[in-house]
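Below, each chain spelled out in residue letters.
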Amino acid sequence: MFRHLFKLIWNKKKQNLLLISEMLVSFLVIFAVFTLLVYDYDNYRKPMGIDYDNVWVVNYNNTFKTDNTDSLDQFYETLVQTIKSLPQIDAISFSSENIPFSQTQNVGGITLKNKRVGNINWYVVDDNYQKVLNMQILDGRWFNKGDAVAKDGPVVINADLKEKIFGKGKAVGEFIEDVDNKTKALVIGVVKPVKMKGDFSNTEPAIYNRTDTGSYRWLSEILLKVKPGADATFESQLYKILANSMKNSNVEIEHLDNKLKTANYWYLVPMIVLLIVAGFLIVNVALGLCGVLWYNISRRRGEIGLRRAIGASGKSVSAQLVGESMILASFSLIIGSFFAIQFPLLNVFDLASGVYLTAMVLSVLFIYLLVLICSLYPGKQAASIYPAVALHEE
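Residues numbered from 1 in each chain as written. Predicted model: local features only at pLDDT ≥ 70, side-chain atom pairs only at ≥ 80, totals over all residues. Heavy atoms only, no water.

Participant: Tell me about the packing of aromatic side chains, residues and numbers included.
Facilitator: All told, the structure shown has 20 aromatic pairs when counted by the stated rule. Look at Phe 75 and Tyr 76: their rings are 4.9 Å apart centre to centre, the planes differ by 85 degrees, and that puts the pair in the edge-to-face class. Phe 75 gets classed as buried once you look at its relative accessible area, which sits at 19%. Of the residues examined, Tyr 76 reaches a relative accessible area of 1% and is grouped as buried. Centroid distance Phe 343 to Tyr 356: 5.7 Å. Interplanar angle 45 degrees. Geometry classified as tilted. Taken together, the residues Phe 343 in helix H10 (residues 342–346) and Tyr 356 in helix H11 (residues 353–383) connect sequence positions 13 residues apart. When its relative accessible area of 27% is taken as the criterion, Phe 343 is described as partly exposed. Members of the aromatic cluster, connected to one another through ring pairs, are Tyr 60, Phe 75, Tyr 76, Phe 94 and Tyr 216. (Phe/Tyr/Trp six-rings, centres within 6.5 Å; stacked < 30°, edge-to-face > 60°. Buried < 20%, exposed > 50% of the residue type's maximum accessible area, 1.4 Å probe, protein only. Helix = DSSP H or I, 4+ residues; strand = E, 2+ residues; numbered from the N terminus.)

Participant: Break down helix H3 (residues 69–84) for me, with residues and values.
Facilitator: Taking 1.5 Å as the rise per residue, H3 with 16 residues should run 22 Å; its terminal C-alpha atoms sit 22 Å apart, in good agreement. When we look at burial in H3, the residues that qualify are Leu 72, Asp 73, Phe 75, Tyr 76, Leu 79, Val 80 and Ile 83. Buried positions in H3, seen along its axis, are confined to an arc of 155 degrees and lie on one side of it. (Expected span 1.5 Å × (residues − 1). Arc of directions from axis to C-beta.)

Participant: Any chance you could break down the side chain of Lys 195 for me, citing the residues and the numbers?
Facilitator: The topology assignment puts Lys 195 in the loop between strand S8 (184–191) and strand S9 (206–210). One buried charged residue, Lys 195, remains without a salt bridge, the closest side chain of opposite sign being Asp 199 at 4.6 Å. Here the side chain of Lys 195 touches Lys 46 through a polar contact of 2.8 Å, landing on its backbone oxygen. Once you skip the residues sitting within four places of it in the chain, Lys 195 turns out to touch Asn 43, Tyr 44, Lys 46, Pro 47, Met 48, Phe 101, Ser 201 and Thr 203. (Lys, Arg positive; Asp, Glu negative; His and termini not counted. Salt bridge = Lys/Arg side-chain N within 4 Å of Asp/Glu carboxyl O. Polar contact = N/O pair within 3.5 Å; in protein donor to acceptor, adjacent residues only side chain to side chain. Contact = heavy atoms within 4.5 Å.)

Participant: Got a sec to walk through the confidence of the model for the protein chain? Specific residues and values, please.
Facilitator: Taken residue by residue, the protein chain gives an average pLDDT of 83. The fraction at 70 or more is 83%. Put simply, helix H12 (residues 387–393) is where the protein chain has its lowest mean pLDDT, 49, and helix H4 (residues 129–133) is where it has its highest, 96. (pLDDT = per-residue confidence, 0-100.)

Participant: Pulling in residues and values, what's your account of helix H6 (residues 232–245)?
Facilitator: In this model, H6 (14 residues) spans 20 Å end to end at C-alpha, consistent with the 20 Å of a helix rising 1.5 Å per residue. Every buried residue belonging to H6 is among Phe 234, Leu 238, Ile 241 and Leu 242, and all of these are buried. Down the axis of H6, the smallest arc covering the buried residues is 95 degrees, so these residues share one side. Away from its buried face, by an angle of more than 90 degrees, H6 presents the exposed residues Ala 232, Thr 233, Lys 240 and Asn 244.

Participant: Please set out the pairing of strand S1 (residues 55–59) residue by residue, giving values where relevant.
Facilitator: Where burial is concerned, most of S1 is hidden: five out of the five residues are buried. Where burial is concerned, the two faces of S1 agree: the one with Val 55, Val 57 and Asn 59 and the one with Trp 56 and Val 58 are both buried.

Spelled out as structure tokens, the structure:
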């Protein structure tokens with residue numbers, strides 16, 4: 001049976017080449033779509049790493065100009081006490097601009113045993129940052145006031161960076177250096193990775209540095225953990241307090257959950273565009289496949305009528321046409337799989353091999369299902385051809 005089908009396909013190789021090429025292009029596009037979907041779904045299943053509910057963000061610009069560091073610290077310490085006195089506030093923390101779900105990044109590198117490690121996200125945070133976001137400490141501890149007089153600057157790293165530079169070894173108590181090998185820092189803790197760019201983003205290596213006495217000169221973000229039930233009335237009251245305390249400062253209050261929605265939106269837009277383009281391609285392929293099969297039936301009415309006349313059943317005729325379509329699809333998928341398998345082998349885009357392999361399997365099944373659906377109705381039409389009518393037309 002298969003030998004006969006291969007012979008029929010080979011005899012019409014010029015006609016079938018275009019159909020194979022069309023299915024090959026469709027497979028590659030579908031492979032790209034499924035790769036993106038599998039990658040995003042895999043990221044979506046991972047925990048966020050922080051508790052962003054009831055966390056507000058205060059954006060401001062530092063308008064308190066002074067050369068005296070003590071006066072600057074006293075000003076912001078008074079502001080902190082004023083905010084903490086409000087009954088709706090649970091915790092307050094100052095942070096650098098690259099807060100969760102923002103578009104701001106600070107990427108740098110470190111040196112460990114004369115080996116440079118790059119593409120690390122740097123954060124400058126205070127002692128309450130972990131409490132506000134409820135970050136999970138996996139090993140060691142978070143910053144405290146005693147670190148202000150520590151001989152070696154303390155840092156906290158996340159588990160991604162720990163695995164990247166220390167592997168399965170112990171990180172707490174080890175020293176790392178900056179890019180120029182001039183400053184040493186002591187790792188005092190390891191925290192759970194955070195998806196800083198939204199639900200569909202991946203976690204990245206990160207290092208957290210503690211604020212010092214001069215940090216208030218350039219910090220411009222305050223994270224507030226508010227109690228459930230804090231409403232717009234309290235937000236308005238908070239804004240007035242901040243505006244009165246920080247004269248001539250541009251104060252803006254945002255909610256971290258709203259920033260998450262915006263971050264997710266920027267991830268979903270390209271995905272939706274790609275799905276729309278892929279959808280149009282699939283519809284065109286389906287229509288083209290149905291049209292080609294329908295045209296083949298019209299040209300092969302005499303052949304089909306002769307087969308029916310010598311005893312072939314309608315089911316066998318239908319199975320022949322469906323079988324030819326599936327074999328053509330197999331040719332295109334073999335070629336397409338050869339190109340698709342290069343992505344995990346060459347580690348393209350630095351994605352996990354499992355993402356590519358899962359996407360490839362889903363793409364193969366999808367193309368087979370598409371070809372099967374598109375060939376069933378033309379096959380049914382071929383099975384309904386009467387031998388006498390077909391031979392009379394010939």
